[in-house]
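Okay, here's what each chain looks like letter by letter:
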Amino acid sequence: MTVTLLHMLYNLFMDEFAERVSAIPAHMSDIPAVLFADDVLLSAKSPEGLQRLMDVSTNWAKERGMTWSTEKDKSEILESEETRGNTFKLAHRELNQVNEGYIPRRVPIGRGRN
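Here, residues in each chain are numbered from 1, in the same order as that chain's written sequence. Owing to the predicted nature of the model, reporting of local features is limited to residues with pLDDT of at least 70; listing and counting of side-chain atom pairs is limited to 80 or more, with chain, interface and lining totals taken over all residues. Where side-chain values are given, they derive from all heavy atoms of the structure, hydrogens and water being excluded.

1. Considering the side chain of Gln51
Part 1 of the argument: Here Gln51 lies in helix α2 (residues 47-63).
Part 2 of the argument: With relative accessibility at 17%, the residue Gln51 sits in the buried group. The way it works is that DSSP assigns letters per residue, a run of H or I at least four long becomes a helix, a run of E at least two long becomes a strand, and they are numbered from the N terminus. Buried residues are those whose accessible area, probed at 1.4 Å on protein chains only, stays under 20% of the maximum for their type, while exposed residues exceed 50% and partly exposed ones sit between those limits.

The following block contains the structure:
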């Protein structure tokens, strides 16, 4: 596989994103984000912590003139006793909750997409 300038720029952006979400206090999340290629998994110990991570993610993208795409691919929250009854938003859009054991699809990020 050939590494292109686009790949390097993407990695620089995502490294900065990882640093930003890693700054979330440890009492909210042991491992706040897992990044693989263009997939992002956010993890928190509480509904409040999860929403905080999504707010940080939204602000990070907005500062760079980017948005998280919540329409192209479905963005979902794994439902648990802790999350049931809560509303979660990413990029000001409410996300669906699905049953535990379901593997969510990716949430791509792109410039100028809503």
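2. Considering the side chain of Arg64
Part 1 of the argument: Tracing the chain through its elements places Arg64 in the loop between α2 and β3 (66-68).
Part 2 of the argument: The exposure class assigned to Arg64 is buried, which follows from its relative accessible area of 15%.
Part 3 of the argument: Identification of polar contacts relies on pairs of N or O atoms within 3.5 Å, with a donor-acceptor requirement for protein atoms, meaning one able to donate a hydrogen and the other able to accept it, and with residues adjacent in sequence counted only if both atoms are side-chain atoms. Here the side chain of Arg64 touches Glu63 through a polar contact of 3.1 Å, side chain to side chain.

3. Comments concerning the pattern of salt bridges
Part 1 of the argument: Any Lys or Arg side-chain nitrogen located within 4 Å of an Asp or Glu carboxyl oxygen qualifies as a salt bridge. Within the structure shown, the criterion is met by three salt bridges.
Part 2 of the argument: Residue Arg64 is joined to Glu16 by a salt bridge in which the shortest nitrogen-to-oxygen separation is 2.0 Å. Here the residue Arg64 occupies a position in the loop between α2 and β3, and Glu16 occupies one in helix α1 (residues 5-22), the gap between them amounting to 48 residues.
Part 3 of the argument: With a relative accessible area of 33%, Glu16 lands in the partly exposed category.
Part 4 of the argument: A salt bridge links Glu63 to Arg20; the nearest nitrogen and oxygen atoms lie 2.8 Å apart. Of this pair, Glu63 sits in helix α2 while Arg20 sits in helix α1, placing them 43 residues apart in sequence.
Part 5 of the argument: Since its relative accessible area comes to 52%, Glu63 is described here as exposed.
Part 6 of the argument: Here the salt bridges share partners, and the residues they tie into one network are Glu16, Arg20, Glu63 and Arg64.

4. Notes on the environment of Thr87
Part 1 of the argument: Looking at where Thr87 falls in the secondary structure, it is placed in the loop between β4 (76-78) and β5 (89-90).
Part 2 of the argument: Given a relative accessible area of 46%, Thr87 falls into the partly exposed group.
Part 3 of the argument: In this description, contact between two residues means that some pair of their heavy atoms is separated by no more than 4.5 Å. Every residue in contact with Thr87, bar those within four places of it in the chain, is listed here: Gln51 and Glu94.

5. Structural notes on unusual backbone geometry
Most peptide bonds are trans, and most residues other than glycine sit at a negative phi.
Part 1 of the argument: Look at Ala91: it is not a glycine, yet its phi comes out positive at around 55°.
Part 2 of the argument: On the secondary structure map, Ala91 appears in the loop between β5 and β6 (93-94).
Part 3 of the argument: With phi around 65°, His92 is a residue other than glycine that occupies positive phi space.
Part 4 of the argument: By the secondary structure assignment, His92 is in the loop between β5 and β6.
Part 5 of the argument: On the basis of relative accessibility, which here comes to 67%, the residue His92 falls in the exposed class.

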